[in-house]
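What follows is the residue order along each chain.
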Amino acid sequence: MNNVFGLDIGTRNVVGTVGYQTDDKEFVVTAQYVREHETRAMLDGQIHDIGRVAKTIKEVKDELEKQTGQPLEEVCIAAAGRVLKTVTTHVEYEYAQESVVTGEDVHTLNLLGIEKAQEALKEVNDTSYKFYCVGYSTVKFFLNDEVFISLEGHKANKIGEDIIVTFLPEDVVDGLYAAVGQAGLSVANMTLEPIAAINVAIPENYRMLNIALVDVGAGTSDISITRDGSIIAYGMIPHAGDEMTEVIVQHFLVDFNMAESIKLQSTTSDTVTYKDIMSIEHTIPAQDVWDVAAPVVDNIAQEVSAKIRELNGDKTVSACFVVGGGGKIHGFTEKLAEDLDLPEERVALRGEEVLGDVTFEQEDIKKDPLLVTPIGICLNYYDQRNNFIMVRFNGERIKLYDNNRLTIVDAALQAGFSNDELFPKRGTPINFTVNGVARLVRGEAGEGAVVTMNGKPASINTPLEPNSEIVIEPSKAGEAAVYKISQLDEYNHSVITFVINGRKVSCPRFVQVNGRLEPEDYSIRENDVIETRNYYTVRQIAQFMDLVIDTDQMIFVNNEEADLDTLVYENFSVEWKTDEYGVARIDNNNYNDTQESDSDDASVLAEQDANSTESDNTVTRTSEQMMNQVLDELHDEFAKEAEASAVPENELPENELPKNDIQEEIHEENSSENTVTVIVNGEPVELSGKDTYIFVDIFTHISFDLQAGKGRAIATVINGRDAQFSEELHEGDKIELYWKEN
């Protein structure tokens with residue numbers, strides 16, 4: 001048989017237990033020894049004088065070696081629950097868009113909460129010690145800022161939780177290891193005292209239930225909560241058995257040790273006998289002791305119940321077990337049941353009945369709740385649970401507390417690996433306003449961290465293996481957000497309509513950024529203030545339509561005389577006259593960064609608008625712009641041809657006028673209209689409204705898809721030969737128009 005040596009290193013004494021477990025799961029205690037500290041070398045469960053505590057441990061070790069006749073080299077220990085530190089915090093996670101909450105999302109939320117709690121703990125911790133996360137519990141869930149019982153499966157834009165996280169300080173662990181080492185022992189297993197107690201007090205098949213375990217000691221009452229087979233939270237209140245003892249000291253005028261005796265007698269007998277400080281012996285009913293201790297018992301029960309509710313998400317538990325000497329005082333379990341809103345039978349003192357599978361070879365040892373934790377420390381060795389395990393993370397060897405659900409992400413958090421480096425990061429977002437309304441454009445999604453364990457691909461949720469080699473390459477951020485004015489709905493779908501010479505003209509609204517007009521390809525920047533204008537000037541409308549206004553003629557806006565700089569608002573009417581061949585070239589209206597005049601504004605729109613459509617009597621930008629551009633180019637070639645064939649005016653006969661003057665004179669003398677029918681691409685086209693026609697006139701009488709060019713030139717053929725743009729048309733001419741292939 002292989003004996004297990006367990007040490008319960010307490011504030012007042014050290015309890016050593018040696019025993020073994022049989023094949024029938026019975027634990028046999030072969031030796032046990034208790035030794036009090038000679039000085040206050042420990043306070044509230046934490047070692048203050050390592051040397052003195054090591055001396056006491058060695059004395060216990062030596063005595064047990066005498067009892068068993070075997071050398072003891074390895075020991076199982078436990079950290080006191082009262083040294084645990086608990087942090088409650090709130091954390092939120094916001095989705096890029098409404099999403100269904102998954103179990104993975106909830107897990108991520110928990111990790112964010114643990115990390116935030118660690119940061120909060122570091123702020124109040126003035127040492128360089130690390131803290132091991134040994135448990136956490138969700139107090140409340142929030143879905144879109146409303147309290148929910150469960151999040152998984154719901155649709156949400158934002159989720160959140162209040163979470164309580166428990167940590168074990170590194171210095172406590174190091175202190176225990178150091179004291180044991182100085183006593184000539186090495187640690188075989190380490191757990192927490194509440195877990196050791198649960199191993200004995202709460203059977204395995206009960207641990208799926210939501211149960212509280214309260215260990216009422218001398219100076220503190222330690223609390224742990226179980227659910228789903230694990231301890232989910234720990235807590236402590238600084239009130240316990242010593243407060244009851246102090247009340248007895250004051251009331252019965254006895255010393256502390258006699259008061260302890262009175263307290264113990266009152267739990268086992270109907271009468272209590274004691275001597276006061278005057279050496280007078282008294283025998284009183286146990287009820288008298290109960291009445292004296294009642295106010296303290298009530299106060300401790302109230303504080304314990306309040307802490308249990310806090311640790312359990314502001315709700316009571318299914319049952320509560322009490323261990324420790326302080327819990328045996330009369331009325332404590334009944335009062336605790338009342339405060340927890342539980343039937344009295346669901347709050348029970350666990351002692352001899354839970355030690356049924358424990359056999360003591362020493363006849364003078366009585367089964368008692370005080371022995372629950374020392375026995376549990378030994379039993380924990382066989383399960384090898386809740387121990388500290390070692391792993392190597394990105395080349396660094398780290399120690400983690402094994403709470404039976406460790407994953408790679410726990411190692412990452414313990415190593416100080418930021419959550420931001422674990423999960424995909426979006427690129428930098430852009431925050432701006434449009435007409436006073438805040439907008440947010442998120443960056444592109446990044447790539448998650450690359451995780452391997454022992455050289456094999458893994459995920460952050462892969463269960464952790466002792467002594468494993470873990471490598472995590474940090475996640476990568478996505479591309480920063482890029483958003484242009486042309487992508488704004490206000491730019492694409494918000495138009496302003498005017499009535500020009502009886503025809504509706506729809507124009508996109510001008511866009512100002514931080515008070516300056518910007519073109520459609522402007523990339524929006526952080527904190528830009530964007531506004532759309534609700535007016536044009538007469539000049540801007542003309543430039544948008546690529547028209548040249550005859551300024552010698554009157555201009556009217558809403559039937560009132562106006563000029564080129566008059567403001568024109570939604571649905572205003574405009575009447576003007578335009579030059580016959582006046583076409584404002586787009587390339588002559590390029591956007592000017594100086595923006596010294598409003599005419600620049602129109603040139604921006606002339607370049608920007610390629611999305612308008614024509615319906616009914618509404619003028620649209622795309623086809624109008626391309627038609628004007630083609631006509632403009634044809635008109636330029638016509639001008640070149642005329643120039644090439646023209647005779648200088650000073651070489652003309654005296655009786656002959658220049659060509660343009662002749663044309664004007666003929667036009668004035670002969671105002672009769674002539675109708676000519678030509679064949680265009682096999683279809684007859686009737687030209688009317690003028691007395692003579694040239695080739696370019698056909699573009700105002702046919703429907704030709706000017707958007708289909710895609711960089712190709714137009715082929716112009718008349719009666720089987722290449723046409724001249726200035727060539728006069730005659731009745732029956734056969735014309736072909738098509739795009740040349742490159």
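This section reports on the structure supplied with the text. (Residues numbered from 1 in each chain as written. Predicted model: local features only at pLDDT ≥ 70, side-chain atom pairs only at ≥ 80, totals over all residues. Heavy atoms only, no water.)

This next bit is on the overall build of the chain. When its secondary structure is counted, the chain shows 16 helices and 44 strands. Across the 742 residues of the chain, 47% fall into the buried class. Sequence separation of at least 24 residues holds for 63% of the intrachain contacts in the chain that already meet a minimum separation of 6. (Helix = DSSP H or I, 4+ residues; strand = E, 2+ residues; numbered from the N terminus. Buried < 20%, exposed > 50% of the residue type's maximum accessible area, 1.4 Å probe, protein only. Contact = heavy atoms within 4.5 Å.)

Turning our attention to the sheet that holds strand 21 (residues 396-401). The strand order across the open sheet built from 5 strands is 21-20-26-24-25, with neighbouring strands paired in mixed fashion. Looking at strand neighbours, the two that pair on one side only are strand 21 and strand 25 (456-458), the edges of this open sheet. Sheet twist, expressed as the average angle between the axes of neighbouring strands with direction ignored, equals 35°. Pairing geometry for strand 20 (residues 388-393) and strand 21, over 6 bridges, is antiparallel. Across the sheet, Val391 pairs through a bridge with Ile398, a residue of strand 21. (Pairing = 2+ DSSP bridges. Axes fitted to C-alpha atoms, helices over the stretch in contact; angles between N-to-C directions.)

Tallied over the full model, the rule gives 6 cavities of 30 Å³ or more. When its volume is computed, the second largest cavity comes out at roughly 110 Å³. Along its surface, the second largest cavity is lined by 11 residues, and Cys133, Leu400, Leu406, Asp410 and Gln414 are the ones closest to its centre. Breaking the lining of the second largest cavity down by element, the ones donating at least two residues are helix 2 (103-124), strand 8 (131-143), strand 21 and helix 10 (408-414). Classifying every residue of the lining of the second largest cavity by side-chain character gives 7 nonpolar, 3 polar and 1 charged. (1 Å grid on protein atoms, 1.4 Å probe; cavity = no way out; pocket = protein on both sides within 12 Å on 5 of 7 lines; lining within 4 Å. Points joined across faces, edges and corners; volume = space filled by probe spheres on them. Nonpolar A, V, L, I, M, F, W, Y, C, P; charged D, E, K, R; others polar.)

The next point concerns the sheet that holds strand 31 (residues 529-532). Judged by pairing direction, the sheet is mixed, and its 5 strands sit side by side in the order 23-22-31-29-30 without closing on themselves. Two strands lie at the open edges of the sheet, namely strand 23 (437-441) and strand 30 (516-517), each paired on one side alone. Relative to strand 23, strand 22 (residues 430-434) runs antiparallel, the two sharing 5 bridges. The partner of Val434 across the bridge, within strand 23, is Val437.

Turning to the environment of Thr108, a few remarks are in order. Mapped onto the elements of the fold, Thr108 is located in helix 2. For Thr108, a relative accessible area of 13% translates into the label buried. Sequence separation between Thr108 and Val409 is 301 residues; the distance between their C-alpha atoms is 9.9 Å.

Attention shifts here to the pairing of strand 27 (residues 495-500). Regular strands place side chains that alternate from one sheet face to the opposite one. By the bridge criterion, 6 bridges tie strand 27 to strand 28 (residues 503-508) in an arrangement that is antiparallel. Bridging from a neighbouring strand, Val499 pairs with Lys504 of strand 28. Adjacent in sequence and paired antiparallel, strand 27 and strand 28 are bridged by 2 residues, among which Asn501 carries a positive phi angle near 50°.

Another point: the pattern of salt bridges. If you walk through the whole model with that rule in mind, you get 18 salt bridges. A salt bridge links Lys335 to Glu338; its shortest N-O distance comes to 3.8 Å. Note that Lys335 and Glu338 are positioned in helix 8 (residues 332-339) at a spacing of 3 residues, about one turn of the helix. By relative accessible area, which is 54% here, Glu338 ends up exposed. Note that Glu570 and Arg509 form a salt bridge whose closest N and O atoms lie 3.7 Å from each other. With a gap of 61 residues between them, Glu570 in the loop between strand 36 (567-569) and strand 37 (573-575) and Arg509 in the loop between strand 28 and strand 29 (511-513) connect regions that are remote in the sequence. The class of Glu570 is partly exposed, set by a relative accessible area of 33%. Take Arg509: its relative accessible area is 17%, and that puts it in the buried class. Connected through salt bridges with shared partners, the residues Lys58, Lys61, Asp62 and Glu65 form a single ionic network. (Salt bridge = Lys/Arg side-chain N within 4 Å of Asp/Glu carboxyl O.)

Let us now look at helix 6 (residues 256-268). An ideal rise of 1.5 Å per residue puts 18 Å on 13 residues; helix 6 measures up with 19 Å between its terminal C-alpha atoms. Within helix 6, the full set of buried residues consists of Ala259, Ile262, Lys263 and Ser266. The buried residues of helix 6 all sit within an arc of 95° when viewed along its axis, so they share a single face. Facing away from the buried side of helix 6 by over 90 degrees, the exposed positions are Asn257 and Thr268. Sitting at the amino-terminal end of helix 6 is Asp255, which places a side-chain oxygen 3.4 Å from the backbone nitrogen of Asn257. (Expected span 1.5 Å × (residues − 1). Arc of directions from axis to C-beta. Polar contact = N/O pair within 3.5 Å; in protein donor to acceptor, adjacent residues only side chain to side chain.)

Here we take up unusual backbone geometry. A positive phi angle, close to 55°, is found at Asn454, a residue other than glycine. Position of Asn454 among the secondary structure elements: in the loop between strand 24 (450-453) and strand 25. You will see that Asn558, though not glycine, has its phi angle at about 50°, which is positive. Relative to the helices and strands, Asn558 is located in the loop between strand 34 (555-557) and strand 35 (560-562). For Asn558, a relative accessible area of 32% corresponds to the partly exposed category.

Within the secondary structure, Asn189 is located in strand 11 (residues 186-192). Residue classification places Asn189 among the buried residues on the basis of a relative accessible area of 0%. There is a polar contact of 2.7 Å between the side chain of Asn189 and the side chain of Asn380.

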